[in-house]
Each structure stands twice: as structure tokens, then as C-alpha cells.
Amino acid sequence: MSAYAIAHLQEAAPHPEIADYIERITATFAPYGGRFLVHGAQHEVKEGAWPGHVVVIGFPSMADAQAWWDSAPYQEISPLRSRHIDGDIILVPGVPDDYDATATARKMRGALHD
């Protein structure tokens, strides 16, 4: 089941370390099957507020996403970003191909009657 690294990053002033990070991050994905799904795109806010930028990286599994995050190559470059850009980053599993939201709603309705 696929998994995703999702970042909500705040605006930051350009800095050479950020450029270094962006140049080097893609190489850290290869052993884990990762790839950018969203990067540097302009987003459209439909509800609430979402200042800054969105980054989504897809992985074949949650184990791959976690292994990438914990890997020495990624941890080596991570400070290049974190010293200059505030934000929130999560790793989250996707849903199976046969996921049915109506089944989730049924479980929710069942819990309401318990």
C-alpha cells in the first residue's frame, strides 16, 4: 500500500542551503522508490488558510517512507531545509486500491448506535 510524505512549508527567503537541499533530495529517494508528486506548484485554497507551500512525495509503502526519512543521506541534508524553512511534515499511509468510504461511514454509524 502506498504512503506519502506531506510537507506544509512556510514561505522562506532564498538561501544557498535551501538550493543545496533541493538539488540533493531527489537522489535520497532512489533506494526507497520515492518520487515527487507535488513540488513547487501553486495551490488553490478552498477552505481555511494554507499559507506557504505543499510538497507531496510518494513511496511504495509506509516502511519505504519511514526508511527514507530515517536514512543517513536524507538526515544529512535535512538541516539544510530545517534551518531556513518552518513547516509541518507527516508520513501517512495511503488507502488500498479497493478502499470504500461507505464502509467507513457504516462503521461510524454503527458506533453512534452503541
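S.K.: Describe the overall build of the protein chain, with residues and values.
M.R.: Check the secondary structure of the protein chain and you find four helices and four strands. Ordered by position from the N terminus, the helices and strands of the protein chain form the series β-α-β-β-α-α-β-α. Taking 114 residues into account, the globule formula puts the C-alpha radius of gyration at 13 Å, and the protein chain, at 17 Å, lies well above it. Summarising its shape, the C-alpha atoms of the protein chain cover approximately 55 × 35 × 20 Å along the three principal directions. Counting only residues that meet the buried cut, the protein chain has 25% of its 114 residues in that class. For the protein chain, long-range pairs separated by at least 24 residues make up 76% of all intrachain contacts whose partners lie at least 6 apart in sequence. Taking the average location of the 8 positive side-chain charges in the protein chain and that of its 15 negative ones, the two points are 5 Å from each other.

S.K.: So, the sheet that holds strand 2 (residues 35-38): which residues are in play, and what are the values?
M.R.: The sheet built from four strands is open, its strands ordered 2-3-1-4 with antiparallel pairing. The open sheet has two edge strands, strand 2 and strand 4 (87-93), and neither has a second partner. Averaged over all adjacent pairs, the angle separating strand axes in this sheet is 25°, with direction ignored. As judged from the seven bridges shared by strand 1 (residues 3-9) and strand 4, these two strands associate in the antiparallel manner. Counted as the bridge partner of L9 is G87 from strand 4. This element, helix 1 (residues 16-29), spans strand 2 and strand 3 (53-59) of the sheet and lies at about 115° to strand 2.

S.K.: Before we move on, could you go through the packing of aromatic side chains and cite the residues and values that matter?
M.R.: Tallied over the full model, the rule gives eight aromatic pairs. Look at F29 and F36: their rings are 5.1 Å apart centre to centre, the planes differ by 75°, and that puts the pair in the edge-to-face class. Looking at F29, the relative accessible area reads 1%, which means it is buried. Arranged with centres 5.7 Å apart and planes meeting at 65°, the rings of F29 and W68 form a pair that is edge-to-face. In this pair, F29 sits in helix 1 while W68 sits in helix 2 (residues 62-70), placing the two residues 39 residues apart along the sequence. Like W68, F29 is buried.

S.K.: For the nonpolar core, give the residues involved together with the corresponding values.
M.R.: If you look at the biggest cluster of nonpolar residues, it comprises 17 residues, and the most contacted ones within it are I25, I57, F59 and W68. The set of elements that each furnish at least two residues to this core consists of strand 1, helix 1, strand 3, helix 2 and helix 3 (72-82). Ignoring sequence-local partners within four residues, the contact set of F59 consists of S2, A3, A5, F29, Y32, G33, G34, D64, A65 and W68.

S.K.: Just give me the short version of helix 3, but keep the residues and values in it.
M.R.: Within helix 3, the full set of buried residues consists of Y74, I77, S78, L80 and R81. Taken end-on, helix 3 shows its buried residues confined to a sector of 155°, consistent with a single buried face. With respect to the buried face of helix 3, the exposed residues turned more than 90 degrees away are A72 and E76. As for helix 3, its buried residues are in contact with strand 1, helix 1, helix 2 and strand 4.

Scoring rules and cut-offs
- Numbering of residues starts from 1 in each chain and follows the order in which that chain's sequence is written.
- Since the coordinates come from a predicted model, pLDDT governs what is reported: local features require at least 70, and pairs of side-chain atoms require 80 or more to be given and counted, while whole-chain, interface and lining totals use all residues.
- Side-chain measures here rest on the full set of heavy atoms in the structure, leaving out hydrogens and waters.
- A run of H or I in DSSP counts as a helix once it spans at least four residues, and a run of E counts as a strand once it spans at least two, with each numbered from the N terminus.
- Between the two quantities, the radius of gyration covers C-alpha atoms and the globule rule is 2.2 Å times the number of residues to the power 0.38.
- Partly exposed describes any residue whose relative accessible area lies between the buried limit of under 20% and the exposed limit of over 50%, with all areas from a 1.4 Å probe on protein chains only and scaled to the type maximum.
- Residues are treated as being in contact if the distance between any of their heavy atoms lies within 4.5 Å.
- We score Asp and Glu as negative and Lys and Arg as positive, and we do not count His or the chain ends.
- Lys charges are placed at NZ, Arg charges at CZ, Asp charges at CG and Glu charges at CD.
- Pairing between strands is defined by DSSP: at least two bridges between them are needed.
- Fitted lines through C-alpha atoms serve as axes, helices being fitted only where they are in contact, and the angles separating the N-to-C directions of these axes extend from 0 to 180 degrees.
- Aromatic contacts are taken between Phe, Tyr and Trp rings whose centres are within 6.5 Å, Trp giving its six-membered ring; a plane angle under 30 degrees counts as stacked, one over 60 as edge-to-face, and the others as tilted.
- Definition used in this section: a nonpolar core is a set of buried Ala, Val, Leu, Ile, Met, Phe, Trp, Tyr and Cys residues joined via side-chain atoms within 4.5 Å.
- Read the arc as the range of directions from the helix axis to the C-beta atoms.

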